[in-house]
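# Per-entry structural report
So the chains spell out like this:
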Amino acid sequence: KAGVTQTPRYLIKTRGQQVTLSCSPISGHRSVSWYQQTPGQGLQFLFEYFSETQRNKGNFPGRFSGRQFSNSRSEMNVSTLELGDSALYLCASTTGDAYNEQFFGPGTRLTVL
Amino acid sequence: AQTVTQSQPEMSVQEAETVTLSCTYDTSENNYYLFWYKQPPSRQMILVIRQEAYKQQNATENRFSVNFQKAAKSFSLKISDSQLGDTAMYFCAFMKHGSNYQLIWGAGTKLIIKP
């Protein structure tokens, strides 16, 4: 069974631009969560989607948004990029019904110049 | 709000030794999960071990075991017979039951296993 995949693996953008990151969960998994990892703030929860619905959202500005498609693939979008958005963005997938282990992807490294 | 604290930014031990990583948390919840994740230099986050708060028995997974002290809100990870492949960042994480997989993370401990 293929693991969680994230594309692209690396991305360089400039301030003010917008970016879209993609996450493909493990087959059969319907829940996808997103996390931001920075040296200063550590790991922070962004949001979680289940069956195309956002069930939970962390404390991030509205510039951070996401969505989930009918095949459970998820995208997150960051508009009007700031230098502080430079981070490793991780997604994790799980079945979503009652607690099951979350499996993480390798992450997308975003650098904002 | 829940918080997770890892007080050891970095630790190093010799191969084959036993090492214990500390984690404390703060919550008013009674039903929750606790986790230890490993993030090697490859960046892939891997679940090491998990503990359900309602279970008094400490979780174990091969060389990895936890010491869960619910009243003290302490959740330490013991790695026995450490191996070079254990070198990684280790994160302690908390998840409230019913929170839809929202993990609250500690700052991490960098563990170095020396040959």
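Predicted, not measured: the structure shown is a model, and the values here were computed from it.

Reading guide: rules and limits
- Per chain, residues are indexed from 1 in the order of the written sequence.
- Here chains are named by letter from A upward and ligands by number from 1 upward, in the order in which they appear as written.
- Given that this is a predicted model, residues contribute local features only at a pLDDT of at least 70 and side-chain atom pairs are listed and counted only at 80 or more, while totals for whole chains, interfaces and linings are drawn from all residues.
- The side-chain numbers reported here are obtained from all heavy atoms of the structure, hydrogens and water having been left aside.
- In this description, strands pair whenever DSSP reports at least two bridges between them.
- A run of H or I in DSSP becomes a helix once it reaches four residues, and a run of E becomes a strand once it reaches two; helices and strands are each numbered from the N terminus.
- A pair of Phe, Tyr and Trp rings is counted when the ring centres sit within 6.5 Å of each other, with Trp represented by its six-membered ring. The angle between the planes then sorts it: under 30 degrees is stacked, over 60 is edge-to-face, the rest tilted.
- Only protein chains enter the accessibility calculation, which uses a 1.4 Å probe. A residue is then buried if its area is under 20% of the maximum for its type, exposed if over 50%, and partly exposed in between.

### Description of the pairing of strand S3 (residues 19–24) of chain A
Residues and elements named next belong to chain A.
- Alignment of strand S1 (residues 5–7) against S3, held across three bridges, turns out to be antiparallel. By the bridge assignment for S3, Gln-6 is matched with Cys-23.
- Two strands pair when backbone bridges link them, and S3 and strand S8 (residues 74–78) are joined in this way by five bridges, in the antiparallel orientation. Bridge pairing in S8 links Val-19 to Val-78.

### Points about the packing of aromatic side chains
- Under the defined criterion, the tally for this structure stands at 16 aromatic pairs over all chains.
- With a centroid separation of 6.0 Å and 70° between ring planes, the pair formed by A:Phe104 and B:Trp105 is classed as edge-to-face. Note that A:Phe104 is positioned in strand S10 (residues 103–104) and B:Trp105 in strand S11 (residues 104–105), a pairing that runs across two chains.
- Taking the relative accessible area as the measure of exposure, A:Phe104 reaches 3% and is therefore buried.
- For B:Trp105, a relative accessible area of 8% translates into the label buried.
- Pairwise contacts between aromatic rings join A:Tyr35, A:Phe45, A:Phe104, B:Tyr33, B:Phe35, B:Tyr37, B:Phe91 and B:Trp105 into one cluster.

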